[in-house]
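# Chains, contacts and geometry: an overview
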Amino acid sequence: MLIFICSTWNISGDLIVNEKFMDIAYKEALKSFENDEIPVGCVIVKNNVIISKAHNCKESKNNSIMHAELLAVDRACKKIGNWRLDDCILYTTLEPCMMCMGAIVESRIKFIYYGCKSKNEQMYDVDKLKKNGFVIFNMDVDKCSSILSDFFKNKRKK
């Protein structure tokens, strides 16, 4: 299988569903924003049903691994009673970092939709992801990048 990294796609039926789940991930990101956390939200879906959702809470929990994706993966595993999430789709407002991508790979999630590209250098090996059959879509959702920009502008003002 190939890995696809793209900005848009024209699968009209899937696009509506994907936007719906990305909107829910965005609402999770808003919770982080309101709590003065980096605004990232994540939703995991199985058979078009949300099985978990989470937002960043690294600052409030004083724990470096409290990323939205890690929390969502943990909750999804507990919900279905299995560490294998290979029938699931992950939606996150920001391209996953290396730590989160590691958890996603380990949980066997193959489809990842993210709202905006990270400005940080990603250190994971795309070739290894290809071998595992990952499909990654950058949905280029303006509000996902806007909330991050607003957050960091506010931080610089303080």
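Here, every reference points to the structure presented above.
Predicted model only: the values in this text are computed from it and were never measured. The numbering scheme is per chain: residues are counted from 1 as the chain's sequence reads. Per-residue local features of the predicted model are confined to residues with pLDDT of at least 70, and side-chain atom pairs are confined, for both listing and counting, to 80 or more; whole-chain, interface and lining totals are unaffected and use all residues. Remark: hydrogens and water are excluded; side-chain values derive from all non-hydrogen atoms of the structure.

## A look at the layout of surface pockets
This is how it is decided: Detection works on a 1 Å grid of protein atoms alone, calling trapped sets that fit a 1.4 Å probe cavities and calling open sets with protein on both sides within 12 Å along at least five of seven lines pockets, with lining residues defined by an atom within 4 Å of a point. Grid points are joined across faces, edges and corners, and a volume is the space filled by probe spheres set on the points. Labels follow the DSSP assignment, with helices taken as runs of H or I lasting at least four residues and strands as runs of E lasting at least two, numbered in each case from the N terminus. In this classification, the charged set is Asp, Glu, Lys and Arg, the nonpolar set is Ala, Val, Leu, Ile, Met, Phe, Trp, Tyr, Cys and Pro, and all remaining amino acids, among them Gly, are polar.
Reported here for the largest pocket is a volume of approximately 700 Å³. Around the largest pocket, the lining comprises 32 residues; the ones closest to its centre are Ile38, Leu94, Ser118, Asn120 and Phe152. Breaking the lining of the largest pocket down by element, the ones donating at least two residues are α2 (58–61), α4 (98–106) and α6 (142–157). No other element matches the eight residues that α6 contributes to the lining of the largest pocket. The residue makeup of the lining of the largest pocket, split by class, is 13 nonpolar, seven polar and 12 charged.

## Looking at the packing of aromatic side chains
Pairs of aromatic rings are described using the distance from one ring centre to the other and the angle between the two planes. What counts, and what does not: For Phe, Tyr and Trp, where Trp contributes only its six-membered ring, two rings pair if their centres lie within 6.5 Å, and the inter-plane angle classes them as stacked under 30 degrees, edge-to-face over 60, or tilted in between.
Tallied over the full model, the rule gives four aromatic pairs. With 6.3 Å between their ring centres and 65° between their planes, Phe33 and Phe151 make a pair best called edge-to-face. One end of the pair, Phe33, is in helix α1 (residues 12–34); the other, Phe151, is in helix α6, and 118 residues separate them in sequence. Their ring planes at 10° and their centres at 5.0 Å tell us that Tyr91 and Tyr113 sit as a pair that is stacked.

## With respect to α4
Selection rule: Accessibility here uses a 1.4 Å probe with only protein chains present; expressed as a share of the type maximum, an area under 20% marks a residue as buried, one over 50% as exposed, and anything in between as partly exposed. This arc is built from the directions going out from the helix axis to the C-beta atoms.
Cys100, Met101, Ala103 and Ile104 are the residues of α4 that are buried. Taken around the axis of α4, the buried residues stretch over an arc of 160°, which confines them to a single face.

## Thoughts on the nonpolar core
To keep things clear, this is the line we draw: Nine residue types can take part in a nonpolar core, namely buried Ala, Val, Leu, Ile, Met, Phe, Trp, Tyr and Cys, and a core is a set of them joined through side-chain atoms within 4.5 Å. Contacts between residues were defined by any pair of non-hydrogen atoms, one from each residue, lying within 4.5 Å.
Ranked by internal contacts, the top residues of the largest apolar core, which has 42 residues, are Met22, Ile44, Leu85, Leu90 and Ile109. Sequence-distant contacts of Ile109, defined by excluding residues within four places in its chain, comprise Ile44, Val73, Leu85, Cys88, Leu90, Ile104 and Phe134.

## Some points on the pattern of salt bridges
Where charged atoms from two side chains of opposite charge approach closely, those side chains can pair. Let me state the cut-off plainly: Here, a salt bridge means any side-chain nitrogen of Lys or Arg that lies within 4 Å of a carboxyl oxygen of Asp or Glu.
Under the definition given, this model contains four salt bridges. For Lys78, the salt bridge is made with Asp74, and the minimal N-O distance between the two is 3.1 Å. Linking Lys78 with Asp74, this pair stays in helix α3 (residues 68–80), spanning four residues, or about one helical turn. Judged by relative accessible area, Asp74 falls into the partly exposed class, the value being 36%.

## Regarding the pairing of strand β3 (residues 88–94)
The following threshold applies: Think of it this way: DSSP has to see at least two bridges between two strands before they count as a pair. If the strands point away from the viewer and the path from the first strand over the helix to the second runs clockwise, then the crossover is right-handed.
Most of β3 sits inside the fold, with six of its seven residues counted as buried. Here five bridges tie strand β1 (residues 41–46) to β3, and the two strands are oriented antiparallel to one another. For Ile44, the partnering residue across the bridge sits in β3 and is Leu90. Judged from the five bridges that link them, β3 and strand β4 (residues 111–116) form a sheet pairing that is parallel. Of the residues in β4, the one forming a bridge with Tyr91 is Tyr113. A crossover connection joins β3 to the parallel β4 through α4; in handedness this β-α-β unit is right-handed.

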